[in-house]
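These are the residues of each chain, in order.
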Amino acid sequence: MFDTLQLNSLQQDAVDFGVPIKSNDKSSPLLIIAGAGTGKTNTLAHKAAKLIIHGVPPERMLIMTFARRAAKELGSRVNLIVEKKQNEENVNYSPIQIPWMGTFHSIAVRLLRENAISIGLEENFTILDRGDSADLIDILRHELGYTKTHKRFPKKKTCLDIYSRCVNSQNTLENILLEYFPYCSDWEEELTALFSAYAKSKAEQSCLDYDDLLLYCFHMAQVPEIAKTIRNQFDHILVDEYQDTNVLQAGILTSFFP
């Protein structure tokens with residue numbers, strides 16, 4: 001039996017699910033529902049390790065996390081588990097590298113760069129961090145005359161938060177303002193113009209912001225030929241903290257891997 005270190009019976013059941021892999025096995029997806037601090041990440045690490053030990057090439061696995069620290073922690077745990085198992089079996093241990101393990105945004109960057117030409121992007125597109133994005137919005141606010149209004153226009157960070165929520169929820173500006181930013185509802189027309197100018201400026205500079213990385217990746221997943229190519233790169237997709245996925249992140253997964 002696979003190493004049960006630090007696993008309870010339910011966690012072990014999750015690790016054992018669908019492994020070893022049978023020929024032409026099309027086992028159903030597995031969703032683990034558990035509260036905070038119950039060992040979901042540890043279970044995921046054991047799952048990845050077991051797949052590797054049973055012959056799955058690490059490069060055929062896609063592991064998605066929500067933080068770089070989580071990805072690093074997962075990689076360390078997988079190596080510890082594999083090393084322990086191989087030592088028990090007197091097999092020479094070699095460190096495991098899982099090349100396709102990282103945050104949703106980092107994976108999106110790689111997929112976009114690999115397929116940039118096919119979707120009309122520059123391969124060397126620039127990525128704006130949150131500070132850069134807010135500063136660009138601030139410049140555009142000023143150019144559009146919104147910094148000199150009689151009634152105070154929303155600050156750059158608020159504007160970026162509104163834009164980000166619209167993109168990640170795939171909801172309308174009107175609905176987002178009503179539900180989350182009611183104090184900005186009077187500025188819907190101006191915000192629409194601002195966000196249009198923001199999108200145009202990014203396109204002219206071949207820039208993508210953090211939200212665009214997910215948005216472009218989501219739309220790329222709707223192209224059948226590209227989706228098929230990416231789907232064929234991986235045999236196993238593991239997602240940490242799936243409950244935290246937003247509409248775009250969940251859409252990326254279900255579109256690439258239906």
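As a starting point, this report considers the structure included with it.

Thresholds applied
- Counting of residues starts from 1 at the beginning of each chain's written sequence and follows it residue by residue.
- The model is predicted, so local features are restricted to residues of pLDDT at least 70 and side-chain atom pairs to those at 80 or more, both for listing and for counting; the totals for chains, interfaces and linings are taken over all residues.
- The side-chain quantities take in all heavy atoms of the structure and omit both hydrogens and water.
- Segments assigned H or I by DSSP are reported as helices when at least four residues long, segments assigned E as strands when at least two residues long, and all are numbered from the N terminus.
- Three exposure classes are used, based on accessible area relative to the maximum for each residue type with a 1.4 Å probe and protein chains only: buried under 20%, partly exposed in between, and exposed over 50%.
- The criterion used for residue contact is that any of the two residues' heavy atoms lie within 4.5 Å.
- Note on areas: these come from Shrake-Rupley sampling with a 1.4 Å probe, and a residue is covered only by the protein chains present in the view.
- When charges are counted, Lys and Arg are positive and Asp and Glu negative, with His and the chain ends excluded.
- Charge placement uses NZ in Lys and CZ in Arg. For Asp and Glu, CG and CD serve respectively.
- Only protein atoms enter the calculation, which uses a 1 Å grid: trapped sets of points that fit a 1.4 Å probe without letting it out are cavities, open sets showing protein on both sides within 12 Å along at least five of seven lines are pockets, and any residue with an atom within 4 Å of a point is a lining residue.
- Grid points are joined across faces, edges and corners, and a volume is the space filled by probe spheres set on the points.
- What is meant by a nonpolar core is a set of buried Ala, Val, Leu, Ile, Met, Phe, Trp, Tyr and Cys residues, joined one to another through side-chain atoms within 4.5 Å.
- A pair is scored as a salt bridge if a Lys or Arg side-chain nitrogen falls within 4 Å of a carboxyl oxygen belonging to Asp or Glu.
- Throughout, disulfides are identified as pairs of cysteine sulfur atoms within 2.5 Å of each other.
- As used in this structure description, the phrase polar contact means that two N or O atoms lie within 3.5 Å; if the pair is within protein, one of them must be able to donate a hydrogen and the other to accept it, and residues adjacent in sequence are counted only when both atoms belong to side chains.
- Each patch groups residues whose relative accessible area exceeds 30% and which form no salt bridge, using 9 Å between like charges and 5 Å between nonpolar side chains of Val, Leu, Ile, Met, Phe, Trp and Tyr.
- Put simply, Ala, Val, Leu, Ile, Met, Phe, Trp, Tyr, Cys and Pro go in the nonpolar bin, Asp, Glu, Lys and Arg in the charged bin, and everything else, Gly too, in the polar bin.

Some points on the overall build of the protein chain
Next, step 1: Along the backbone of the protein chain there are eleven helices and five strands.
Next, step 2: Across its three principal axes, the protein chain shows a C-alpha extent of roughly 75 × 40 × 30 Å.
Next, step 3: Sorting the 258 residues of the protein chain into buried and exposed places 44% on the buried side.
Next, step 4: Contacts in the protein chain between residues far apart in sequence, at least 24 positions, make up 71% of those at least 6 positions apart.
Next, step 5: Taken as a whole, the protein chain presents about 14,400 Å² of accessible surface, with 51% of it coming from carbon and sulfur.
Next, step 6: Computed over 27 positive and 33 negative side-chain charges, the inter-centroid distance for the protein chain is 3 Å.

Here we look at the side chain of Asp212
Next, step 1: Mapped onto the elements of the fold, Asp212 is located in helix α9 (residues 210–220).
Next, step 2: On the basis of relative accessibility, which here comes to 4%, the residue Asp212 falls in the buried class.
Next, step 3: Apart from the residues lying within four places of it in its own chain, the contact partners of Asp212 are Tyr163, Lys202, Cys207 and Cys217.

Digging into the layout of surface pockets
Next, step 1: Considering only enclosed or pocket space, the largest pocket measures out at about 1,500 Å³ in volume.
Next, step 2: Forming the walls of the largest pocket are 39 residues, and the residues nearest its centre are Pro29, Leu30, His236, Ile237 and Leu238.
Next, step 3: Residue assignment for the lining of the largest pocket shows that the elements contributing at least two residues are α2 (40–53), β5 (236–239) and α11 (247–256).
Next, step 4: In terms of residues, the lining of the largest pocket owes the most to one element, α2, which gives five residues.

What to know about the nonpolar core
Next, step 1: Counting residues in hydrophobic clusters, the biggest one holds 53 residues, and the most contacted among them are Leu111, Ile162, Leu191, Leu194, Phe195, Met220 and Phe256.
Next, step 2: If near-sequence neighbours (up to four positions away) are discounted, Ile162 is found in contact with Leu173, Ile176, Leu177, Phe181, Cys184, Leu191 and Phe195.

A short note on the pattern of salt bridges
Next, step 1: Counted under the stated rule, the structure contains 13 salt bridges.
Next, step 2: Across the pair Asp16 and Lys50 runs a salt bridge, and its minimum N-O distance is 2.5 Å. One end of the pair, Asp16, is in helix α1 (residues 9–16); the other, Lys50, is in helix α2, and 34 residues separate them in sequence.
Next, step 3: Look at Asp16 and you get partly exposed, because its relative accessible area is 22%.
Next, step 4: Using a relative accessible area of 6% as the deciding quantity, one classes Lys50 as buried.

With respect to the state of the cysteines
As used here, a disulfide is simply a covalent bond connecting the sulfur atoms of two cysteines.
Next, step 1: Taken as a whole, this structure holds zero disulfides when the rule is applied.
Next, step 2: Left unpaired, Cys184 is separated from the closest cysteine sulfur, that of Cys159, by 7.3 Å.
Next, step 3: In this structure Cys217 is a free cysteine whose sulfur lies 18 Å from that of Cys207, the closest cysteine sulfur available.

A short note on the side chain of Lys202
Next, step 1: As for its placement among the helices and strands, Lys202 is situated in helix α8 (residues 188–204).
Next, step 2: A distance of 2.9 Å separates polar atoms of two side chains, one belonging to Lys202 and the other to Tyr163.
Next, step 3: Here Asp209 takes part through its side chain, which lies 3.1 Å from a polar atom of the side chain of Lys202.
Next, step 4: Every residue in contact with Lys202, bar those within four places of it in the chain, is listed here: Leu128, Leu136, Tyr163, Cys207, Asp209 and Asp212.

Re a nonpolar patch on the surface
Next, step 1: On the surface, a nonpolar cluster with roughly 250 Å² of combined accessible area is contributed by Phe17, Leu30 and Ile32.
Next, step 2: Here Phe17 shows up in the loop between α1 and α2.

A short note on empty space enclosed by the protein
Next, step 1: The tally for this structure, following the rule as stated, stands at two cavities of 30 Å³ or more.
Next, step 2: Of the pockets and cavities examined, the largest cavity occupies roughly 40 Å³.
Next, step 3: Considering the residues around the largest cavity, the lining is formed by Leu62, Met64, Ile107, Leu111, Ile230, Phe234, Ile252, Leu253, Phe256 and Phe257.
Next, step 4: Those elements that provide at least two residues to the lining of the largest cavity are β1 (61–65), α4 (104–114) and α11.
Next, step 5: For the lining of the largest cavity, the leading source of residues is α11, giving three residues.
Next, step 6: Tallied by class, the residues present in the lining of the largest cavity amount to ten nonpolar, no polar and no charged.

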